[in-house]
Amino acid sequence: MKKNILSILILALLIVNIVLTSIMMFSVMGAAKKTTQLVTDIASVLKLEIRGEDGEVVTVPMEQTEVYNITDLTIELQPSEDGSSHWCLVGVALSMNTKDKGYKSFGTAESMEAKKPLLTEAIFEVIGSYRMEDLKGGNGEEEAKEEILRRIQAMYDSQFIFRVSFSDIKYQ
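An account of the accompanying structure is given in this report. Note that the structure is a prediction, hence the values are computed from the model and not measured.

1. Notes on unusual backbone geometry
So, step 1. Here the phi dihedral of aspartate 72 falls at roughly 55°; this positive angle occurs in a residue that is not glycine.
So, step 2. When you line up the elements, aspartate 72 lands in strand S3 (residues 65-76).
So, step 3. Overall, aspartate 72 belongs to the exposed group, its relative accessible area being 62%.
So, step 4. Residue aspartate 157 is not a glycine yet carries a positive backbone phi of 55°.
So, step 5. Relative to the elements of secondary structure, aspartate 157 occurs in the loop between helix H6 (140-156) and strand S5 (161-171).
So, step 6. On the basis of relative accessible area, aspartate 157 is assigned to the exposed category, the value being 70%.

Okay, structure coming up:
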């Protein structure tokens, strides 16, 4: 009789253990999914990526990347809080995907050189809208790069330019 009671007690403890394990598993899975999404988002920011027409993330390898440089732009910044004027000397590099359909139409050296005044105008408007303190501190430069990229992609109605970099930036 003692063996039957002991067996029933072990069986009851096993059932309680299975129930508690399943409850714990379901409660941890939600947090694990959120953590996985966060890691994926961070990894996508660190890579050179663009989004395809269907919204899928596409990584651009270096052999498919062409760079167009716009050097020595001197841009007047918004006055500081104390009213002093500041200038920014910057070189901008535009990374282009050579396999994108827009590259064939707009990405050639002649085409980019012909559109250089429009590109520099977009760069001047964006960078010139910042104060020196805003660009230097925090995410100012990154925000400026994203806005320049957005404007240039809208100008061309294409995503063949997928990244904007500041090759050299100096403030005065």
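Having seen the model, we can carry on.
2. Section: the pattern of salt bridges
Where side chains of opposite charge bring their charged atoms close, a pairing between them can arise.
So, step 1. Going through the model one piece at a time under the given rule, you end up with seven salt bridges.
So, step 2. Note that glutamate 81 and arginine 131 form a salt bridge whose closest N and O atoms lie 3.3 Å from each other. Residue glutamate 81 is located in the loop between S3 and strand S4 (87-97), and its partner arginine 131 is located in the loop between helix H4 (116-128) and helix H5 (132-136); the two are separated by 50 residues in the primary sequence.
So, step 3. Relative accessible area serves as the criterion here: at 24%, arginine 131 is assigned to the partly exposed category.
So, step 4. The salt bridge involving arginine 131 is made with glutamate 133; its shortest N-O contact spans 3.8 Å.
So, step 5. Taking relative accessible area as the criterion, glutamate 133 reaches 37% and is therefore assigned partly exposed.
So, step 6. Through salt bridges with shared partners, a single ionic network connects Glu81, Arg131, Glu133 and Asp134.

Calculation rules
Residues numbered from 1 in each chain as written. Predicted model: local features only at pLDDT ≥ 70, side-chain atom pairs only at ≥ 80, totals over all residues. Heavy atoms only, no water. Helix = DSSP H or I, 4+ residues; strand = E, 2+ residues; numbered from the N terminus. Buried < 20%, exposed > 50% of the residue type's maximum accessible area, 1.4 Å probe, protein only. Salt bridge = Lys/Arg side-chain N within 4 Å of Asp/Glu carboxyl O.

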